[in-house]
Amino acid sequence: MKLFYPAVQAFQQLQQIYYHQFPSLLTAPLQTKQTKYGNYCPWPYMRQRIRPSLQLPSLHNLSSTLLQNMYNNVQLQVQNSLANAYVVGIQCDGWSNIRNDSIINFIVTTPQPVFYKTVSTEEHRHTGRYVAEQIEAVFTDIVKREKQEPRKCVLKLPVATRWASSVLSFESLLKNKNIIKALVINNEYQDLIEKRNKTNILDDDIFWKRIESFLKILQPLKKWITVLESDECRINEVTEALIKIEKVFKKELPLSDLSSSKQDKILEAVQPRRKTCLKPIHFSANILDPKLKGKHLSAGELVQGFQYIHSLARHLSNVDENKVLENLADFRSNSGFWEMQFGICTEFPLRFVAEAVLTMPATSAVTERSFSSYGNIHTKKRSRLSVKRAGMLTYINHNLKLFSTTADKIKIVTNNDKSLNFFGYKANNELPEDSTDTSESTVTLGL
């Protein structure tokens, strides 16, 4: 169908050039049209003027070879959609076309409604038996094609530099559980798999249950790593992430096959890790978050958060530190202006401290990703690139991606707005059920 692309480009050029001079030509037919001045077709003349070398496909090619090629391409996409569907539904309805031919159209839901085929019923009446036979034929055809298609098994291996890849490896094992079992009992591969591995793979009571148990423990870690390592401002959620991970450990570890000593060792490592990860800026971000306001922080963590806010207010120019503390007290107690349940008002000094803290990244993962971009540019085939030129290419590549993906996410508000809403919620809104939601959120910066 690549033959159509030059034609489309040519017609677009024709529209741009002749739109003002010959507006009626935009609706002119491609075939010859009879008028009082005789037979004419304006498009071939214009095509020769714009692109003389362009040869449009003939009607015979359009209706035979090109049509069949396009049908085959779409058919592959339909078959892939059916193969990936967990369950399908078959719908049909009878109709008479413009030539009064009796037809039945079949739609298969995957759950997306896919047009499967049209059946010409010819002289058959649309009786219940005949329609049932056609539905059975469609069902048999779908099952036959699925059996012919080889089942793909993709196993992901863990990578030393990516901790979450271990979780992805376990998930791919569970996803392909039935395929792996079928592979083990296949006679062609008996010599390639050790007996001990065969026993583990076929044992649902031990091996697979352990995989499921470990995933319940590890998946929250993977989710929070994904959330906190994103480019969005998530520093306010670091404390919540560690609290939720600890709750999962306390709930799931006793249900796992790990010994009690190993369970205790894991739980004992949580608190030191929490102390290592959390700093006063994280406590202050949690306090300034309108949906948290430090409700899960200990007394000592609250003091550290308040001290950081006070210290930052002293270092910010044109900010009265005493008024910042007054705003903070009203903000946390929902008194004064904050009885109206707004976020952080742009007219109060607290706004400058909140903007400075809540717009900080949670991790330095973006720096690691910049090395990936650099490595994709300065490859072995481009080893002669100088450091300066490779840096310039990385600069362009990284920042163009950044600006193209974040241009629609950041909304700038002015002082005329009533509140500075960083995360798209009101001040006293409760946390969502799944705080690891990575859906797009609006970051609002007050000016």
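Residues numbered from 1 in each chain as written. Predicted model: local features only at pLDDT ≥ 70, side-chain atom pairs only at ≥ 80, totals over all residues. Heavy atoms only, no water.

If you check an unreviewed UniProt entry, the protein chain appears there as HAT C-terminal dimerisation domain-containing protein from Ignelater luminosus. According to its UniProt record, the protein chain has this under Subcellular location (unreviewed entry): "Nucleus". (UniProt positions renumbered as here; feature names shortened; annotations may be inferred.)

**Student:** So what exactly am I meant to see when it comes to the packing of aromatic side chains here?
**Tutor:** How two aromatic rings sit relative to each other is given by the distance of their centres and the angle of their planes. Inspection of every chain in the model, using the stated rule, returns one aromatic pair. Look at phenylalanine 207 and tryptophan 208: their rings are 5.0 Å apart centre to centre, the planes differ by 80°, and that puts the pair in the edge-to-face class. Between lysine 293 and the ring centre of phenylalanine 331, over which it is positioned, the NZ or CZ distance is 4.6 Å. (Phe/Tyr/Trp six-rings, centres within 6.5 Å; stacked < 30°, edge-to-face > 60°. Lys NZ or Arg CZ within 6 Å of the ring centre and 35° of its normal.)

**Student:** Honestly, the sheet that holds strand 3 (residues 89–96) in this entry has me stumped. Any pointers?
**Tutor:** Pairing between sheet strands relies on hydrogen bonds along the backbone, with the strands arranged either parallel or antiparallel. Spatial strand order, 3-4-5: three strands in an open sheet with antiparallel pairing. Every other strand in the sheet has two partners, leaving strand 3 and strand 5 (113–120) as the edge strands with one partner each. Along the sheet, successive strands turn relative to each other by an average axial angle of 20°, direction set aside. Examined bridge by bridge, strand 3 and strand 4 (residues 102–109) share eight bridges and lie antiparallel to one another. Looking at the pairing, isoleucine 90 lines up with valine 108 of strand 4. (Pairing = 2+ DSSP bridges. Helix = DSSP H or I, 4+ residues; strand = E, 2+ residues; numbered from the N terminus. Axes fitted to C-alpha atoms, helices over the stretch in contact; angles between N-to-C directions.)

**Student:** When you look at a nonpolar patch on the surface in this model, what are you seeing that I'm missing?
**Tutor:** On the surface, Leu183, Tyr189 and Leu192 cluster together into a nonpolar patch covering about 300 Å² of accessible area. Topologically, leucine 183 is positioned in helix 7 (residues 177–184). According to the relative accessible area criterion, leucine 183 is partly exposed, its value standing at 39%. (Patch = residues over 30% accessible without salt bridge, like charges linked within 9 Å, V, L, I, M, F, W, Y side chains within 5 Å. Areas by Shrake-Rupley, 256 points an atom, 1.4 Å probe, with all protein chains shown as cover. Salt bridge = Lys/Arg side-chain N within 4 Å of Asp/Glu carboxyl O. Buried < 20%, exposed > 50% of the residue type's maximum accessible area, 1.4 Å probe, protein only.)

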